[in-house]
Amino acid sequence: MGGNSLLNILIQTVKSKMTGFVTKFRMYTSWSFIKTRVVVKIREFFSNLLGFKPRNKEDYFTVGRWMISKRLVYALVLIIGVVSIWYISTETSLFKHFDEDGVKTYDYNSIRLRTAKGHVRIRGKSGYRAFDGSVEDGYVTGEGTLYNPAGNVVYTGNFEQNKYEGMGTLNYADGSMLYQGTFHDNKYEGTGTLYRENGTKEYEGGFSQGLKNGNGILYDAGENELYTGLFSSDNIVYSELLGKTASQVADCYKGGRDLYMTDDESVVYLRGIGALYHGVRDAEALDDEEKVSEVYVLHDYFNFAGAYIDTIPDIEDVLGSPIYEGFSDIILPEAVAIDIINSTSEKFKGVADLVTTDTFSDVSTIDSYDRDYEVYIYSFRRGEIIYSFVCPGKAGYFEFYYVSQDEEETA
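Residues numbered from 1 in each chain as written. Predicted model: local features only at pLDDT ≥ 70, side-chain atom pairs only at ≥ 80, totals over all residues. Heavy atoms only, no water.

## Some details on helix H5 (residues 312-319)
So, step 1. Taken residue by residue, H5 has Ile 312, Ile 315 and Leu 319 as its buried positions. Down the axis of H5, the sector holding all buried residues measures 50°, keeping them to one side.
So, step 2. At its buried positions, H5 is contacted by strand S19 (302-304), strand S20 (307-309), strand S24 (374-382) and strand S25 (385-391).
So, step 3. Once H5 finishes, Gly 320 follows within two positions and takes phi at roughly 90°, a positive value. (Buried < 20%, exposed > 50% of the residue type's maximum accessible area, 1.4 Å probe, protein only. Helix = DSSP H or I, 4+ residues; strand = E, 2+ residues; numbered from the N terminus. Arc of directions from axis to C-beta. Contact = heavy atoms within 4.5 Å.)

## Regarding the layout of surface pockets
So, step 1. Approximately 380 Å³ is the volume found for the largest pocket.
So, step 2. What lines the largest pocket is a set of 17 residues, and nearest its centre among them are Ser 232, Ile 236, Phe 302, Asn 303 and Tyr 387.
So, step 3. Elements that contribute at least two residues to the lining of the largest pocket include exactly strand S14 (235-236), S19 and strand S26 (400-405).
So, step 4. Tallying contributions element by element places S19 first for the lining of the largest pocket, with three residues. (1 Å grid on protein atoms, 1.4 Å probe; cavity = no way out; pocket = protein on both sides within 12 Å on 5 of 7 lines; lining within 4 Å. Points joined across faces, edges and corners; volume = space filled by probe spheres on them.)

## Things to note about the pairing of strand S4 (residues 118-123)
So, step 1. The pairing of strand S3 (residues 104-107) with S4 spans four bridges and is classified as parallel. Looking across to S4, one finds that Thr 105 is bridged to Arg 121. (Pairing = 2+ DSSP bridges.)

## Points about the nonpolar core
So, step 1. Ranked by size, the top nonpolar core spans 54 residues in total, and within it Tyr 227, Ile 273, Val 295, Phe 389 and Tyr 401 carry the most contacts.
So, step 2. No other element matches the four residues that S25 contributes to this core.
So, step 3. Beyond its immediate sequence surroundings of up to four residues, Ile 273 is in contact with Leu 226, Tyr 227, Ile 236, Tyr 238, Tyr 253 and His 299.
So, step 4. In terms of nonpolar packing, the next biggest core, distinct from the first, is built from 25 residues, Ile 338, Phe 348, Ile 377 and Val 390 among them. (Core = buried A, V, L, I, M, F, W, Y, C linked by side-chain atoms within 4.5 Å.)

## A look at the sheet that holds strand S11 (residues 201-208)
So, step 1. The sheet built from twelve strands is open, its strands ordered S3-S4-S5-S6-S7-S8-S9-S10-S11-S12-S13-S14 with mixed pairing. Either end of the sheet is taken by a strand with one partner, and the two such strands are S3 and S14.
So, step 2. Where strand S9 (residues 177-184) meets strand S10 (residues 187-195), five bridges bridge the pair, whose relative direction is antiparallel. By the bridge assignment for S10, Gly 181 is matched with Gly 192.

## Here we look at the packing of aromatic side chains
So, step 1. Scanning the entire structure with this criterion turns up 26 aromatic pairs.
So, step 2. Ring geometry for Tyr 227 and Phe 231: centres 6.1 Å apart, planes at 80°, overall edge-to-face.
So, step 3. The class of Phe 231 is buried, set by a relative accessible area of 3%.
So, step 4. Ring-pair connections join several aromatic residues into one group, and the members of that group are Phe 131, Tyr 155, Phe 159, Tyr 164, Tyr 179, Phe 183, Tyr 188, Tyr 203, Phe 207, Tyr 227 and Phe 231.
So, step 5. Just above the ring of Tyr 147 sits the side chain of Arg 129; from NZ or CZ to the centre is 4.6 Å.
So, step 6. Lying over the aromatic face of Tyr 203, Lys 212 brings its terminal NZ or CZ to 5.6 Å of the ring centre. (Phe/Tyr/Trp six-rings, centres within 6.5 Å; stacked < 30°, edge-to-face > 60°. Lys NZ or Arg CZ within 6 Å of the ring centre and 35° of its normal.)

## Describing the pairing of S24
Remark: a regular strand shows side chains that alternate across the two faces of the sheet.
So, step 1. Note that strand S21 (residues 324-329) and S24 share six bridges and pair antiparallel. Looking at the pairing, Tyr 324 lines up with Ser 379 of S24.
So, step 2. Relative to S25, S24 runs antiparallel, the two being bridged by seven bridges. Pairing of Tyr 376 across the sheet is with Cys 391, part of S25.

## Overview of a negative patch on the surface
So, step 1. A cluster of like negative charges, contributed by Asp 310, Asp 314, Glu 316, Asp 317 and Glu 325, occupies part of the molecular surface.
So, step 2. It is H5 that provides the largest number of residues to the negative patch, a total of three residues.
So, step 3. Assignment of secondary structure puts Asp 317 in helix H5.
So, step 4. Using a relative accessible area of 63% as the deciding quantity, one classes Asp 317 as exposed. (Patch = residues over 30% accessible without salt bridge, like charges linked within 9 Å, V, L, I, M, F, W, Y side chains within 5 Å. Areas by Shrake-Rupley, 256 points an atom, 1.4 Å probe, with all protein chains shown as cover. Salt bridge = Lys/Arg side-chain N within 4 Å of Asp/Glu carboxyl O. Lys, Arg positive; Asp, Glu negative; His and termini not counted. Charge placed at Lys NZ, Arg CZ, Asp CG, Glu CD.)

## What about unusual backbone geometry?
So, step 1. Its identity is not glycine, yet Ser 233 carries a phi of approximately 50°, on the positive side.
So, step 2. Tracing the backbone shows Ser 233 in the loop between strand S13 (225-232) and S14.

Function-wise, these values are silent; they only describe arrangement.
Structure follows, in structure tokens:
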């Protein structure tokens, strides 16, 4: 027992002597202590250097009529040297941090990124991986992938000087596909496919300046073909249907439709594209098949070169002066259009509903309509097409418009 007690006393004595040494050793070797001492020494050095007061001319550099303290110059040179060493240690490839697979990684605002070339990774402002791909001469150029802060892919494909260029895929914020095809200057250009957020295909075909342009196919929400034809500035070129037979229209439009008939004319409502056409029989045609004479677009705006115009004065700015303006008794397709519009919101006051007899669920025979009801119409000529805008009265706004062939131009 006595021997163990002596041993314990010895051990405790040694520990007590070593504790102070270990504590000091840990303190002197800790990074925070070293950094603090270094900062203090640097501060003392510069304080002594800059606090020195020159006593004679030998303590100055003479530049013209100016006298500059030599110690101040030495301090500036030293500061520049320290900053240069810091820059080299943090930015040059000699001290550069690499990812596990050896790819150089730069902050988005790194000066060295401006001279980087080849495969790199770029960190965003909050430190997330913003880009993984090729850079050249300070620009993202070549194949690469762009990410958002949530880690989802925004774009993958080809770049040219920080812009989408060539083949690529653009996604929604959640990473689901928005567009796949060709780009130019960050916009859809050439051919591609648009997708809805739920993943269904919306459109495939031609694009220009980020908008649907040229031949394409429009799909409904179930990804069934809805309309095949010509598009301009994101909209269907409805005038393309003029002069087509009913069977030719059926080749273009495959969505739901409603047929309104009288003894000698018909109106077909193309529900999927918000338009209806007026069909009349060509007395000179051998097949006696109805052909489209007018296409009515049930929109209260007009698309012109990508701009949506909803007032007559603005229409005049782009189409010029009207060739006709005035009140007019409604005709059959106008009556059908007004009835469809008023079924959701009564924009035309005092119009009696069409009196119809339903033959089938989507076929109705028109018995009568209010032929004395008046609308105000503005008509404009553009090339071989007449654009007529239908208003409830003489006002600045229209509720729908229709296109027809200019008989004078085609005569």
